[in-house]
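# Inside the fold
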Amino acid sequence: MLWGLLALFTGAAVFAILWPLARRPRGRAEHVAPDVAFYKAKLEEIAREGESGVLSQEEAEAARTEAARRLLKSADAVTPEETAKAPASPRLRLRLVAILGLVFIPAVSLGLYSVIGNPSMPDDPLAARLDVSPNKMTLQVAIAKVEAHLRQHPEDGRGYEVLVPAYLKEGRVEDAVRAASMAMRKLGATPERETVYGETLVYAAHGVVTDDAHKLFVQAAAGPTPPLKALFFLGLAASQDGDKATAANYWQKLMARLPEKSPGRAELKARIAALENASPAPKAAEVAAIAGMSPAQRQATIHKMVDRLAARLARNGQDVEGWLRLVRAYKVMNETDKARAALATARHDLGNDAKAMGRIDALARELGLS
Amino acid sequence: MGRKFLALAAVLFFAVMPSLAFAVEPGEMLKDPKLEARARTLSQQLRCLVCQGESIEDSQAQLAHDFRVLIRQRIKAGESNAQIKAFLVSRYGDFILLKPPFKADTLLLWGTPVLLLVLGSGAIIMAVRRRRPMRKPASLGATEEARLAELVGTEEG
Amino acid sequence: MIVEAGHYALVLAFALALFNSVIPFWGIRAHDDRLMATAPSVALVQFLFVATAFGALVYAHVTSDFSVLNVVENSHSAKPLIYKIAGVWGNHEGSMLLWVLILATFSALVACASRAMPQDLHAAVLGVQSWISAAFLLFILLTSNPFTRVVNPPMEGMGLNPLLQDPGLAIHPPLLYLGYVGLSISFSFAAAALICRRIDAVWARLVRPWTLLAWMFLTLGIAMGSYWSYYTLGWGGFWFWDPVENASLMPWLAATALVHSTAVMEKREALKIWTIFLAILGFSLSLMGTFLVRSGILTSVHSFAVDPRRGIFILGILVLFIGGSLALFAWRANDLKQGGVFAPVSREGALVLNNLVLSIACATVLVGTLYPLALQSLTGAKISVGAPFFNATFVPLFLPLFLIMPIGQMLAWKRGSLLGAVQRLIVACLAGLAAMLIFAAWHGAPVTSIVIGGLAVFTIVGAISDVVRRVAIGGSIGENFHRAIGLPRSTWGTAIAHAGIGVTLLGLAATGWGVEKVLVIKPGDVVPVGPYELVVKDFGAEQGPNYSAKFAHVNIRSGGVKIGSIDPALRFYPVRRTSRAEAGIATLGLGQVYVSITSSGANGTYDARMYWKPLVVLIWFGAIIMALGGFVSLSDRRFRIGAARRIQRIVAAPQPAE
């Protein structure tokens, strides 16, 4: 089918070459016809303008003489003998060009296409891909189907709710944020939905509990039995703020409600323990101080912060987030060479982690460093 | 590391991901309209260093905001426009001036329009001087008129 | 199958372009009509194949075929259909394909005009067009192939950037491309004229409609882009002297000069060398614009290709075509005989002056755009060339044109009388002076606005005076009307286009009378802005499909009476964590009230900027009038192929026996 079509195309292309070669050419007189026509039209125009008074009589006369001379010159370019007959093309030349067309066109197009084309790949429009039996359905197809359904019925809040965990599984964090917010809006806010929404926001912020997310968790935890996850994230928020006591408090509460056999207990324990050893985070005052500095001072402070980060990564390179931040920082500071160097080191250090490498590569592309 | 990063990021990325604040903000403006007008004119001539060719007057970047505030402080302190520009150039180089100063480096930049104007006018004047005397073309001869009638005749006849 | 067929069609178009790059020239050399005749036939079929390829890509985008990389990267199944289609050229690969499609379309149009053109010139023009096609098709196929496939197609695309879903972005690039690529025809005509040694008035008439067409599209494209930035950027700026804008302004200046110099060449066979040079220059600047934008060398806001391979490829094309055509020019320029002579004070003389000014203005923009790049690569010194530079150089260079324009229109060809022209412009002069007085009394300072406003009125009235003096030479109203109808369309076109640029200038002058208020607003505030009072009613919030918005509801009052309302908004896109202001714009008469809100302050207030921009609409309206003038000129009977054909049929008919 495809090959038939390609053959048809090639045939049409070759025909476009052969057809004019086979036709009787125009006569020689036609070669000068456009010139003659031009000066004739010009004479007409001059006459018209002379009559209507746009040109004065003297101007019109001078213009007419000029145009008439040119008309005669172009008309005389063809001798009367030449006028009638069309010059014949030598047969050999015609054959040569015809063969060239027959061979060259298919050779170039098929040759190039065989290198860069994918003749074995069919079209794959989305609608057809969604049209599969449920037992063969992958998560991706399922998501796409729900999305299509929601486009038809945008009021169906349950659809959004279903999508959130699916999106997260697929790593589509931004879509998860959107779906969670839609679910909350369509179905109304409950502690659970607020928690889910907040959770997606945290993922979208690469693990940072942003103020928006924090507000949601606080609301969710306002009731008598706050969702477990809300407690966890409230603790995380406090720990990120450097407020160890509050963090420990939330996590202890959470620990109390976790069932004995829950696998999360061990991790939570480790986190509580880690709180004790964490280094102090910058205080709000410190952030404000930086914002209030003069550009030059700020520049210096930022340099110091970046240098600290670089030093830490030099000691331990197994930190994707750190590398991403460092590269970005260098780029913002216009130190492209350093950014490139950092990318190279990061690739070296993280060589075994395919996912991390993917993110590094994505960043490199984004910043135009690849 | 979470919020610590946020602090760093906030500072680092003000340049690229600003809170939305175009151009001059109400809080920055000077009370005296004359001084404020001076500040606006100055701002239009200075490049926001982290943006793509925008002036600090138009830019939303935090850095541009800082510069706007800086300019106003210096205006209030009684400095002249030239002094403020000189101060900024001494710190950030000519790059900060959207209208580059006239010096050896920029000779061609400023000179090209003038040079072309001189050369072009010169060429035109030369052409006018050397121009062949303009004659009225001789009227068509009888043979020419006959040929012409023959060629054009089809339409008129 | 459709995708791969489109891919193959593109490859086939390349093969045909290669063929057409050589054989027609062989035909010209050997005086072989049949070989020359292959040029239009191949050009037509080549167009069909490029159109097929483009259609296939559109199909892939519309059906969300995520097995095509270009669709994955730039489309999304949830996009409205119109943006799925516009998304085809909203990215590098697709936009290059559109570029080539427009090129092929123009070639096909030229191919259809075969009867009106001398055959050798016709074949050569198509041959040169094929060089350009071949180069860009190869560029697409090797570095920017839109038909690259994905083995494991994802279920969704990545192209749902809400900021790019804007009608302005859907229309602006195709319009500009029509202009850029339209200039390729002028270029091909110039190269063909040099090759065939056919540099005469006939050539000028043949090339003129194409140049006009390209010029119209460029005019509209630039105006469209300018309006787009005006309403999206949130503070009403419409021209930034950004390198990408300059890249479109330079071809426009060259095309404007070319339109005028071909007029001289057509009428008087003068300015031949210069016209050919301009035709080469115009397209070279278009190519350079493409290079600057596509290579990302400027990393300006507009550029989205950051692949050095592509940059180098386009640079190669640039060097090849500009260098090649200039070499051809140098080689053949000596052939050119001097054409008709004219007195310095004449229509021709004024047009020469116009060309001088336009080309120097163009050179100024070129130097200003490239100088920082060149200086940095040569000495490492970084400088900025921005709006203040261009205001200090370009503007004073360009303004005198508005004085020359009406005077030139009033001068006769060959030898005119300056005194006579000025006498005919007495009404325009008075109108200009009266306008200055009115502006001074009405708005007052700044003086530049008053002077430029007066100049603009002079230009507009002067342009119209030209028509009036040709029509109103006595007689009844009916006779005058007939004369007006009978006036050559090109005269009408000139008058309309000149009036159009006058209208734009008036709009620009009026920016000086704009009123700006930067302030903190809260509900209940009444802010006098220009002749209106803006009443801040209340603030609200709304949820969009992918953003949340805060907006201010602002009523516009005139003399205590409400005459309109606007809702400037501040949108926040949580997924991308970006904010964007949606300005509230109300058009009142020819001016606009323009309000945007920015960050929210304490106690429920907002920072806001409020503007009254009198006559601002004229800036873009003038551009539309200019394009209209081009269109009217284009409809002149001289350019109509049909007319040429009719005459030609008469010539070809056997002469009656004598």
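Further up the page is the structure itself.
Overview of the structure. These numbers were taken from a predicted model, which means no experiment stands behind them.

### Observations concerning the interface of chain A and chain C
Chain A puts 77 residues into the contact, and the matching count from chain C is 82 residues. Counting each side, the surface lost to burial between chain A and chain C is near 7,100 Å², with a carbon and sulfur contribution of 62%. Between the two partners, chain A and chain C, sit three salt bridges. The closest approach of N and O atoms between E269 of chain C and R70 of chain A, which form a salt bridge, is 3.2 Å. Put simply, chain A and chain C have 22 residue pairs in polar contact (both at pLDDT 80 or more) between them.

### Concerning the packing of aromatic side chains
On inspection of all chains with the given rule, the structure shows 36 aromatic pairs over all chains. Taking 5.3 Å as the distance between ring centres and 85 degrees as the angle between the ring planes, the aromatic pair formed by Y113 of chain A and Y8 of chain C counts as edge-to-face. Residue Y113 of chain A is found in helix α5 (residues 91-116), and its partner Y8 of chain C is found in helix α1 (residues 2-29); the two belong to separate chains. Y113 of chain A sits in the buried class, given a relative accessible area of 1%. The exposure class assigned to Y8 of chain C is buried, which follows from its relative accessible area of 0%. Site record: aromatic cluster; members linked through ring pairs are W110 of chain B together with W239, W241, F389, F390, F394, F398 and F402 of chain C. If you follow R74 of chain B out to its NZ or CZ, it ends over the ring of F87 of chain B, 3.5 Å from the centre. It is K613 of chain C that lies over the ring of Y611 of chain C; its NZ or CZ is 4.4 Å from the centre.

### Re unusual backbone geometry
All names here are of chain C. Even without being a glycine, W241 presents a positive backbone phi close to 55 degrees. Of note, W241 is situated in the loop between α8 (201-232) and α9 (243-268). Despite not being glycine, L271 shows a phi value in the positive range, around 60 degrees. In this fold, L271 is placed in the loop between α9 and α10 (272-295).

### What about the packing of helix α1 (residues 2-22) of chain A against α5 of chain A?
Residue and element names in this part refer to chain A. Where α1 contacts α5, the axes come no closer than 10 Å and their chain directions differ by 155 degrees. Here α5 runs roughly antiparallel to α1, going by the angle between their axes. Crossing hand, α1 versus α5: right-handed. Contacts between α1 and α5 involve L2, W3, L6, T10, A13, V14, I17, L18 and L21 from the first element and L94, V97, A98, G101, L102, I105, P106, L110 and Y113 from the second.

### Considering the pairing of strand β4 (residues 548-558) of chain C
Residues and elements named next belong to chain C. With ten bridges joining them, strand β3 (residues 532-543) and β4 adopt antiparallel strand pairing. Along β4, the bridge assignment pairs L534 with I556. Note that β4 and strand β6 (residues 569-573) share four bridges and pair antiparallel. Across the sheet, the residue bridging to F551 is A569, located in β6. As paired elements, β4 and strand β5 (residues 561-566) share five bridges and run antiparallel to each other. Note on β5: the bridge partner recorded for N555 is S565.

### Describing a nonpolar patch on the surface
Taken together, I426, V427, L430 and L433 of chain C make up a surface patch of nonpolar side chains, about 390 Å² in accessible area. Looking at the element boundaries, L433 of chain C is found in helix α16 (residues 426-442).

### Regarding helix α2 (residues 33-62) of chain C
Residues and elements named next belong to chain C. Taking 1.5 Å of rise per residue, the 30 residues of α2 would be expected to cover 44 Å, and the 44 Å separating its terminal C-alpha atoms lies within 8% of that figure. Taking burial as the measure, the 30 residues of α2 include 21 buried ones, the bulk of the element. In this structure D32 caps α2, since a side-chain oxygen of it lies 3.0 Å from the backbone nitrogen of R34. Backbone geometry just after α2 places S64 at a positive phi near 50 degrees.

### Re the environment of I407 of chain C
All names here are of chain C. Structurally, I407 is set in helix α14 (residues 400-410). Owing to a relative accessible area of 22%, I407 belongs among the partly exposed residues under this scheme. Here the alpha-carbon distance between I407 and L418, two residues eleven residues apart in the chain, equals 7.8 Å. In contact with I407, not counting residues within four places along its chain, are L418, A421 and L425.

Procedures and definitions
- Residues numbered from 1 in each chain as written.
- Chains lettered and ligands numbered in written order.
- Predicted model: local features only at pLDDT ≥ 70, side-chain atom pairs only at ≥ 80, totals over all residues.
- Heavy atoms only, no water.
- Contact = heavy atoms within 4.5 Å.
- Buried area = accessible area lost by both parts, 1.4 Å probe.
- Salt bridge = Lys/Arg side-chain N within 4 Å of Asp/Glu carboxyl O.
- Polar contact = N/O pair within 3.5 Å; in protein donor to acceptor, adjacent residues only side chain to side chain.
- Phe/Tyr/Trp six-rings, centres within 6.5 Å; stacked < 30°, edge-to-face > 60°.
- Helix = DSSP H or I, 4+ residues; strand = E, 2+ residues; numbered from the N terminus.
- Buried < 20%, exposed > 50% of the residue type's maximum accessible area, 1.4 Å probe, protein only.
- Lys NZ or Arg CZ within 6 Å of the ring centre and 35° of its normal.
- Axes fitted to C-alpha atoms, helices over the stretch in contact; angles between N-to-C directions.
- Parallel < 35°, antiparallel > 145°, perpendicular 65-115°, else oblique.
- Left-handed = near helix turned anticlockwise from the far one by under 90°.
- Pairing = 2+ DSSP bridges.
- Patch = residues over 30% accessible without salt bridge, like charges linked within 9 Å, V, L, I, M, F, W, Y side chains within 5 Å.
- Areas by Shrake-Rupley, 256 points an atom, 1.4 Å probe, with all protein chains shown as cover.
- Expected span 1.5 Å × (residues − 1).

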